[in-house]
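Here's the letter readout for the chains.
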There are 2 protein chains.
Amino acid sequence: MTDDLVLRRQVCFALYTASRAMVDVYRPILAEFGLTYPQYLVLLVLWEGEQEQPPTVSGLGARLQLDSGTLSPLLKRLEAAGLVIRRRSPADERRVAVELTPAGRALRGRLADVPRQLAQATGLSADDLVVLRDTLTRITSAIHQHKEQ
Amino acid sequence: MTDDLVLRRQVCFALYTASRAMVDVYRPILAEFGLTYPQYLVLLVLWEGEQEQPPTVSGLGARLQLDSGTLSPLLKRLEAAGLVIRRRSPADERRVAVELTPAGRALRGRLADVPRQLAQATGLSADDLVVLRDTLTRITSAIHQHKEQ
DNA sequence: CGCAGTTTAGTTGTGCACAACTAAACTGCG
DNA sequence: CGCAGTTTAGTTGTGCACAACTAAACTGCG
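About the cut-offs
Residues numbered from 1 in each chain as written. Chains lettered and ligands numbered in written order. Predicted model: local features only at pLDDT ≥ 70, side-chain atom pairs only at ≥ 80, totals over all residues. Heavy atoms only, no water. Helix = DSSP H or I, 4+ residues; strand = E, 2+ residues; numbered from the N terminus. Buried < 20%, exposed > 50% of the residue type's maximum accessible area, 1.4 Å probe, protein only. Contact = heavy atoms within 4.5 Å. Areas by Shrake-Rupley, 256 points an atom, 1.4 Å probe, with all protein chains shown as cover. Lys, Arg positive; Asp, Glu negative; His and termini not counted. Charge placed at Lys NZ, Arg CZ, Asp CG, Glu CD. Axes fitted to C-alpha atoms, helices over the stretch in contact; angles between N-to-C directions. Parallel < 35°, antiparallel > 145°, perpendicular 65-115°, else oblique. Nonpolar A, V, L, I, M, F, W, Y, C, P; charged D, E, K, R; others polar. Arc of directions from axis to C-beta. Near = heavy atom within 4 Å. Polar contact = N/O pair within 3.5 Å; in protein donor to acceptor, adjacent residues only side chain to side chain. Least-squares fit on C-alpha atoms with pLDDT ≥ 70 in both. Salt bridge = Lys/Arg side-chain N within 4 Å of Asp/Glu carboxyl O. Core = buried A, V, L, I, M, F, W, Y, C linked by side-chain atoms within 4.5 Å.

Helices and strands together make up the secondary structure of chain A, namely seven helices and two strands. Seen in sequence order, chain A has helices and strands lined up from the N terminus as α-α-α-α-β-β-α-α-α. Taking the principal axes of the C-alpha coordinates as reference, chain A spans close to 65 × 40 × 25 Å. Relative to its full complement of 149 residues, chain A shows a buried share of 47%. Once local pairs closer than 6 in sequence are excluded, the contacts in chain A between residues at least 24 apart make up 47%. In the form shown here, chain A has an accessible surface area of approximately 7,900 Å², with 51% of it arising from carbon and sulfur atoms. Where the 19 positive side-chain charges of chain A centre and where its 17 negative ones centre are 4 Å apart.

Dropping the structure here:
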């Protein structure tokens, strides 16, 4: 009869707090470039897919697990900052392709050192970080499967 | 020369996504009681400290890593829902003690099964969850130490 | 004892996150 | 071919999170 309703026992609380602590480390680094963490994630996807067709809003949403209610205003801010362009697809007017501007492309090199800075802040080894990442990824997909039923 | 600016390599993205997926599991469960996840966390702290003096707003903030800008409106909503009472300390008028109402206390029993439901949704064993929780807690405190310097 | 400095809770403004909804564009079945 | 149903991006409203700030209360040093 142990009591599970105790804060320090809760994995979820550890997850929620660790996630916010991580974003706290990003905040001052990204603020120098006028970015928030979710905006940085959008740029990561765009940098990664540079040789392919530019993704649509829903394509970005699928990668980042975010819906248009979050992405639409975020993308407007990235566009206002001159980092991306949103363009209605001529073939299908419902779709909006999101492309990098030269300024958006140029940011990639300037942010290349960010992952190293973050890894250092966690105090974990590269191996530990890989294990952690894979455990978290496993949880996330288990939860998504759980929701199917 | 591997490229760290790739989404699936990022521990931080795994953390951010897992945290939101967890809250997604909580949402429908807590919604039956009119609660959000951060409100539930406040109640966990209050249930845990029932025999002690009721915590102040800043005391809650220290436990949950949240500031008054987040807690003040959240506590007003919990008070409006009849689950807590906020009371200025007579000894020090700056402090506001947060106490459970009988309705707030009664909720504890009705939510006793929530941690088990959550653990099941993750698809991890109890042992894996303990390891994960401890890794996350270690990261969070490493980050906090990192910020001191 | 008085007041400079600190502590405390709360407010204001910005940016997610997400539920619920809307409008426009598209698809494919009868 | 037409239209019911679907897909897509965007809007509206609520609730965090947090930076920057405010006002009131308190503390302790000179």
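Residues and elements named next belong to chain A. Close contact between helix α2 (residues 37-48) and helix α4 (residues 68-80) brings their axes to 10 Å; oriented N to C, the two are set at 80°. On the basis of their axis angle, the class for α2 and α4 is roughly perpendicular. Side by side, α2 and α4 meet where Pro38, Gln39 and Val42 of the first sit next to Leu71, Leu74, Leu75, Arg77 and Leu78 of the second. Its residues assigned to classes, the contact of α2 with α4 comprises six nonpolar, one polar and one charged.

Bringing helix α6 (residues 114-122) of chain B into the picture now. Residues and elements named next belong to chain B. For α6, the full list of buried residues reads Val114, Pro115, Leu118, Ala121 and Thr122. Down the axis of α6, the sector holding all buried residues measures 125°, keeping them to one side. The positive-phi residue at the C-terminal boundary of α6 is Gly123, with phi of around 75°.

This part takes up the protein's contact with DNA strand D. Residues in close proximity to DNA strand D total 29 residues, the closest being Tyr16(A), Ser68(A), Thr36(B), Arg77(B) and Glu93(B). Backbone sugar and phosphate groups make up 78% of those atoms of DNA strand D lying within 4 Å of the protein. Here a base oxygen of DNA strand D sits 3.1 Å away from a polar atom, N or O, in the side chain of Arg94(A). Between Gln39(B) and DNA strand D, the recorded distance is 2.8 Å, taken from a side-chain N or O atom to a phosphate oxygen. At the level of secondary structure, the elements contributing two or more residues to the surface near DNA strand D comprise α1 (11-31), α3 (57-64), α4 and β1 (84-88) of chain A together with α2 (37-48) and α4 (68-80) of chain B. Looking at the surface near DNA strand D residue by residue, the classes come out as seven nonpolar, ten polar and twelve charged.

All names here are of chain A. Phi angles above zero are rare outside glycine, and Gln65 is one such case at about 60°. Its location among the elements puts Gln65 in the loop between α3 and α4. According to the relative accessible area criterion, Gln65 is partly exposed, its value standing at 37%.

Before going further, it helps to spend a moment on helix α3 (residues 57-64) of chain B. For α3(B), the complete set of buried residues consists of Val57(B), Leu60(B), Gly61(B) and Leu64(B). For α3(B), the buried positions fall inside an angular range of 105° around the axis, keeping them on one side. Projecting away from the buried face of α3(B) at angles above 90 degrees are the exposed residues Ser58(B) and Ala62(B). Along its buried surface, α3(B) packs onto α1 of chain A together with α2, α4 and β2 (96-100) of chain B. Positive backbone phi, at 60°, marks Gln65(B), one or two positions downstream of α3(B).

Between chain A and chain B, the superposition needs a rotation of 180° and an axial shift of 0.0 Å, giving an RMSD of 0.0 Å. Those values place the two copies in the arrangement expected of a two-fold rotation axis. When the interface residues of chain A are mapped onto chain B, 100% of them are again interface residues, pointing to one common binding face.

As a further point, take the pattern of salt bridges. When the charged atoms of two side chains with opposite charge come close together, those side chains can pair. Residue and element names in this part refer to chain A. On inspection of all chains with the given rule, the structure shows 18 salt bridges over all chains. Across the salt bridge formed by Glu50 and Arg105, the nearest N and O atoms sit 3.0 Å from each other. In this pair, Glu50 sits in the loop between α2 and α3 while Arg105 sits in helix α5 (residues 102-110), placing the two residues 55 residues apart along the sequence. Assessed through its relative accessible area of 32%, Glu50 is described here as partly exposed.

Let us look at the nonpolar core. Ranked by size, the top nonpolar core spans 100 residues in total, and within it Tyr37(A), Tyr40(A), Tyr37(B) and Tyr40(B) carry the most contacts. Filtering out sequence-adjacent residues up to four positions away, Tyr40(B) remains in contact with Leu5(A), Gln10(A), Tyr26(B), Leu30(B), Trp47(B), Leu111(B), Val114(B) and Pro115(B).

Functional significance is not addressed by these values, which are geometric in nature.
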